[in-house]
Amino acid sequence: MPGLAVLGLGLAALLGLGTGTSLCLSRQLRMQGDYILGGLFPLGLAEEAGLRHRTRPSGIVCTRFSSLGLFLAMAMKMAVEEINNSSTLLPGLYLGYDLFDTCSEPMATMKPSLTFLAEAGNGSIAAYCNYTQYQPRVLAVIGPHSSELALITGKFFSFFLMPQVGPPLLCPPWVLPEGSLTPGVFWPPQVSYGASMDRLSNRETFPSFFRTVPSDRVQLEAMVKLLQKFEWNWVAALGSDDEYGREGLSIFSGLANAQNICIAHEGLVPLLSADALQLGKVLDVLHQVNQSNVQVVVLFASSQAAHALLNYSIHHSLSPKVWVASEAWLTSDLVMTLPGIAQVGTVLGFLQRGVQLSEFSQYVETHLALASDPAFCASLDDKPDLEEHVVGPRCPHCDHITLQNLSTGLLQNLSAGQLHHQIFATYAAVHSVAQALHNTLRCSPTSCPTQEPVRPWQLLENMYNMSFRARGLALQFDASGNVDMEYDLKMWVWQRPTPRLRTVGTFNGSLWLQPSLMHWHTPGNQAPTSQCSRQCEEGQVRRVKGFHSCCYDCVDCKAGSFRQSLDDFVCTSCGQDQWSPERSTRCFPRRPRFLAWGEPAVLLLLLLLSLALSLTLATLGLFILHRHSPLVQASGGPLACFGLACLGLVCLSVLLFPGWPSPATCLAQQPLAHLPLTGCLSTLFLQAANTFVESELPPSWATWLHGHLQGPWAWLVVLLAILMEAVLCAWYLVAFPPEVVTDWTVLPTEALVHCHVRSWVSLGLVHITNASLAFLCFLGTFLVQSQPGRYNQARGLTFAMLAYFITWVSFVPLLTNVQVVYQPAVQMGAILLCALGILAAFHLPKCYLLLWWPRLNTPEFFLGAGSRDARDRGGSGSGEGPQRNEGPSTPQPDAQ
């Protein structure tokens, strides 16, 4: 604060080394005016030992002088004088003041409080049924400085705000002005400059209490933000064993738990006392803090309790800690001047931000000079007033102060601007009352239209949610009587003889730090760590061990789950349309997966399809070209061409399996694959039947059966087989229709879109017709013996059916073991291999004979009969009969 650096020198010049210089400061603590303001200040301190042994309701003697209280009283004096000299605030009116010492004790505070409530012009408090017209001595009260005292005076001043209820005949009600408060209101508003307990915000209990400092809740929220900023989640929380400390500790515990900050030890620090029991409690607290192995201690305590705790921590060599200080002791001269205080570690705390009153030092110096001027003192009224007869001297020590009374540490703090927040709070409290009075009197910037008496309840009405200015800073009382002010984060910087406060951050709802300005007690100037367990790595959650949520093991999140936030105790499962790898912190959308045309397996199968379809079409073309040859006639003629055409359709059906599945393709896949295969197998069944009849049955039976296995009867057998298969396919589609489904679970990172088979048993039943035809073909040709000199057609049919069975029997285990996404590819492969097996075993050898051994394309070799028989059988398309080889003795190729 500019100019305060010379205050110590100025006081030395004024007071010398004075050891008894008489001053008249106490007579400057009252001043007459149009409206009187009461003031409660800690000008003295009572001896605690005397209070503990007090057995009679005698007066309390303040044996020690408090220079801080004097500075705060001087701030109120300066504010009143500034308002009286103002031309815009209460123009033409003068405020007076009446300041008393509280001795920082509730019992000493009650006497001046009662005096303030005495009726104007009278030293007593009269009992009335209604106090609407009651005029107390003071209009409002500034103070007290501490929450402990404000809890008492706040209830006291607000007690009679409740409506007075009595017999209506004895106490008729007064007629109140329109818009006034309730009957019985007369007690003055109270504006504290230092009481910060959150309980004082309760309007039901303290309806007339206001303050120019924020509630402790705001300061505690800032502390929690500070702990979060440095990731300190394992702390000790201590409070003084009084109303202030207990409430602060309770609020901090709730805020810390809500932010997952664990309190390793929570305790109360007894107030400074020589009692052995109290000393033992302090040592117990220190021992428990040491045992908890924390590096950060939140100490929300009064200056006396903080002094006791830190004093013992120094003497018992407590390891250095980070101390998060409450405002009550952060700037306390009692604590900052402790010998060896630098051993405690790092001290951080929040102070409300105010406006520096640059001329305050000059004001203090001037009034101290006047107080030592005999001429000025002689001009003052030295007659004790009525109040002093009752309450006692306002400040007996103020008239005998010396440099020893004015604490060296406090003077240094004042000169460094470390007390400006308290001085400004007192200054702003006076301005708030002046603004309320200005509004009540409806004053303009130039004049006040009326100077009629103002009752306290009228003033109180205008203070709710009132806005006012103090040195250019805009302030406003909220509904709870609090003001919203920013905080500065202060850090103790160690200098001899006492530490200095350095601003290292600000808090206005959010915390902003300046790390480069911070100086820690740790090696390398690194911010200390205070955690029970290390931070979990990415994708790990906490598994709590013990009672504290901050003591835990780190567990990896499995695939399909993720860690949503740093404080999670369980992994969060991904949605069904999402996936995640192990130890993930997020989920990823699943890509749709199906058997795409461009996949290697599909491309390979398409090459196989091209081969099978090319061979089938080539064979069909060759058979059509040689449709009148014995070889084609022996193979069935038109039926053989029909079977090859069906085999080509079987190959083409595999094109329904790749690509994005649709309801139509899902329904068409099985019928379009099985119906053509039934047509092909039914023609092979007729070939097998003819071969079996010719070889194994008597001629009489063979002739009759040949007649029913040729011509229209043969086509009827094919039609019946196809119809039977069509019925099975229709039943399958109606009873268990395949559908397009999206399977979210079968693949780890993708969503499988495929045709879902509802019943594999029903799909197996669709194969009954084809399996029966293949089995009958195999059974009819397996035991047939070949005839010398003839083409062995039975062997070709046998191997063709073996290829069919091997393909489809292998299909079942392969389908169940392959990935679901490739199951359509397995079905494609089975269909193509089945078609190639039939083609290679039965049709391709005949193509070989047609192309390279045309000499064997004779009725004798294929039909087993003379030319007449061949002509008789020319259009039948049936099998061939037995025949001896009477042709030339040319080499005979083995067709199979």
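The structure we're discussing is the one just above.
Quantities reported herein were computed from a predicted structural model and do not represent experimental measurements.

Here helix α26 (residues 793-817) contains 25 residues, and its C-alpha end-to-end distance of 37 Å stays within 8% of the 36 Å for a straight helix at 1.5 Å per residue. A bend of about 30° at Phe811 is the largest found in α26, and the proline Pro813 appears one to four places after it.

Packing of helix α6 (residues 216-229) against helix α7 (residues 243-258) leaves a shortest axis separation of 10 Å and a crossing angle of 45°. As summarised for this structure, α6 and α7 are arranged oblique, according to the angle between their axes. The way α6 lies across α7 gives a crossing that is right-handed. Together, Asp216, Arg217, Leu220, Glu221, Val224 and Leu227 of α6 and Tyr244, Gly248, Ile251, Phe252, Leu255 and Ala256 of α7 make up the contact between the two elements.

Working definition: an aromatic ring pair is given by the centre-to-centre distance plus the angle between the planes. According to the stated counting rule, one finds 22 aromatic pairs in the structure shown. Centre to centre, the rings of Tyr804 and Phe805 are 5.4 Å apart; their planes meet at 80°, and the pair counts as edge-to-face. Classification of Phe805 by relative accessible area gives partly exposed; the value is 26%. One aromatic cluster is present, formed by Phe210, Tyr464, Phe468 and Phe477 through successive ring pairs. Taking NZ or CZ as reference, Arg203 lies 4.8 Å from the ring centre of Phe210, over its face.

All right, on to the packing of helix α3 (residues 67-84) against helix α12 (residues 360-371) then. Contact pair α3 / α12: the axes reach a minimum separation of 10 Å and the direction vectors enclose 100°. Classified by the angle their axes make, α3 and α12 are roughly perpendicular. Here Phe71, Met74, Ala75, Lys77, Met78 and Glu81 of α3 come into contact with α12, specifically with Phe360, Tyr363, Val364 and His367. Looking at the contact of α3 with α12 residue by residue, the classes come out as 7 nonpolar, 1 polar and 2 charged.

In this section: the state of the cysteines. One pass over the structure, following the stated rule, counts 9 disulfides. What pairs with Cys532 in a disulfide is Cys551, and their sulfur atoms sit 1.9 Å apart. Looking along the S-S bond of the Cys532-Cys551 disulfide, the torsion reads about 110°, which is the right-handed sense. Here Cys532, found in the loop between β18 (511-513) and β19 (540-544), pairs with Cys551, found in the loop between β19 and β20 (552-556); they are 19 residues apart in sequence, far enough to count as distant. Cys532 sits in the partly exposed class, given a relative accessible area of 32%. The exposure class of Cys551 is buried, given its relative accessible area of 9%. You can see Cys651 has no disulfide; the closest cysteine sulfur is in Cys834, sitting 9.3 Å from it. Given a relative accessible area of 0%, Cys651 falls into the buried group. Of all cysteine sulfurs in the structure, the one in Cys646 sits closest to Cys680, which takes part in no disulfide; the separation is 6.8 Å. Take Cys680: its relative accessible area is 1%, and that puts it in the buried class.

Attention shifts here to the environment of Ala825. Looking at where Ala825 falls in the secondary structure, it is placed in helix α27 (residues 823-852). For the pair Ala825 and Val654, spaced 171 residues apart in sequence, the C-alpha to C-alpha distance is 8.9 Å. In contact with Ala825, not counting residues within four places along its chain, are Leu595 and Leu605.

What follows concerns empty space enclosed by the protein. All told, the structure shown has 6 cavities of 30 Å³ or more when counted by the stated rule. Estimates place the volume of the second largest cavity at around 50 Å³. Around the second largest cavity, the lining residues are Phe657, Gln670, Ala673, His674, Leu763, His767, Trp808, Phe811, Gln827 and Ile831. For the lining of the second largest cavity, the secondary structure elements donating two or more residues are α21 (663-696), α26 and α27.

Okay, the nonpolar core next. Met76, Leu90, Leu95, Phe360 and Leu437 are the most contacted members of the largest nonpolar core, which totals 69 residues. Listed by contribution, the elements that provide at least two residues to this core are β2 (35-41), α3, β5 (95-101), β6 (140-142), α12, α16 (420-440), α17 (456-461) and β14 (467-470). Once residues lying within four places of it in the same chain are set aside, the contact partners of Leu95 are Met31, Gln32, Gly33, Tyr35, Leu37, Val80, Ile83, Asn84, Leu90, Ala434 and Leu437. Counting 53 residues, the second-largest nonpolar core is a separate cluster that includes Phe623, Val632, Leu836 and Cys847.

Moving on to the sheet that holds strand β16 (residues 487-493). Taken together, the 8 strands give an open sheet; going across it, the order is β10-β9-β11-β12-β13-β16-β17-β18, and neighbouring strands pair in mixed fashion. Because the sheet does not close on itself, it has two edges, and the strands there are β10 (262-269) and β18. Adjacent strand axes in the sheet meet at a mean angle of 25° when their direction is disregarded. Of the pairings in the sheet, the one linking strand β17 (residues 500-507) to β18 comprises 3 bridges and is antiparallel in character.

What follows deals with the pattern of salt bridges. Working definition: two side chains of opposite charge can pair if their charged atoms are close together. Applying the stated criterion to the full structure yields 19 salt bridges. Among the salt bridges present, the one from Arg199 reaches Glu247, with a minimum N-O distance of 3.9 Å. Note that Arg199 is positioned in the loop between β7 (190-192) and β8 (209-211) and Glu247 in helix α7, a separation of 48 residues in sequence. For Glu247, a relative accessible area of 13% corresponds to the buried category.

So, how was this worked out
Residues numbered from 1 in each chain as written. Predicted model: local features only at pLDDT ≥ 70, side-chain atom pairs only at ≥ 80, totals over all residues. Heavy atoms only, no water. Helix = DSSP H or I, 4+ residues; strand = E, 2+ residues; numbered from the N terminus. Expected span 1.5 Å × (residues − 1). Bend = angle between axes of the 7 residues up to and from the residue. Axes fitted to C-alpha atoms, helices over the stretch in contact; angles between N-to-C directions. Parallel < 35°, antiparallel > 145°, perpendicular 65-115°, else oblique. Left-handed = near helix turned anticlockwise from the far one by under 90°. Contact = heavy atoms within 4.5 Å. Phe/Tyr/Trp six-rings, centres within 6.5 Å; stacked < 30°, edge-to-face > 60°. Buried < 20%, exposed > 50% of the residue type's maximum accessible area, 1.4 Å probe, protein only. Lys NZ or Arg CZ within 6 Å of the ring centre and 35° of its normal. Nonpolar A, V, L, I, M, F, W, Y, C, P; charged D, E, K, R; others polar. Disulfide = S-S within 2.5 Å. 1 Å grid on protein atoms, 1.4 Å probe; cavity = no way out; pocket = protein on both sides within 12 Å on 5 of 7 lines; lining within 4 Å. Points joined across faces, edges and corners; volume = space filled by probe spheres on them. Core = buried A, V, L, I, M, F, W, Y, C linked by side-chain atoms within 4.5 Å. Pairing = 2+ DSSP bridges. Salt bridge = Lys/Arg side-chain N within 4 Å of Asp/Glu carboxyl O.

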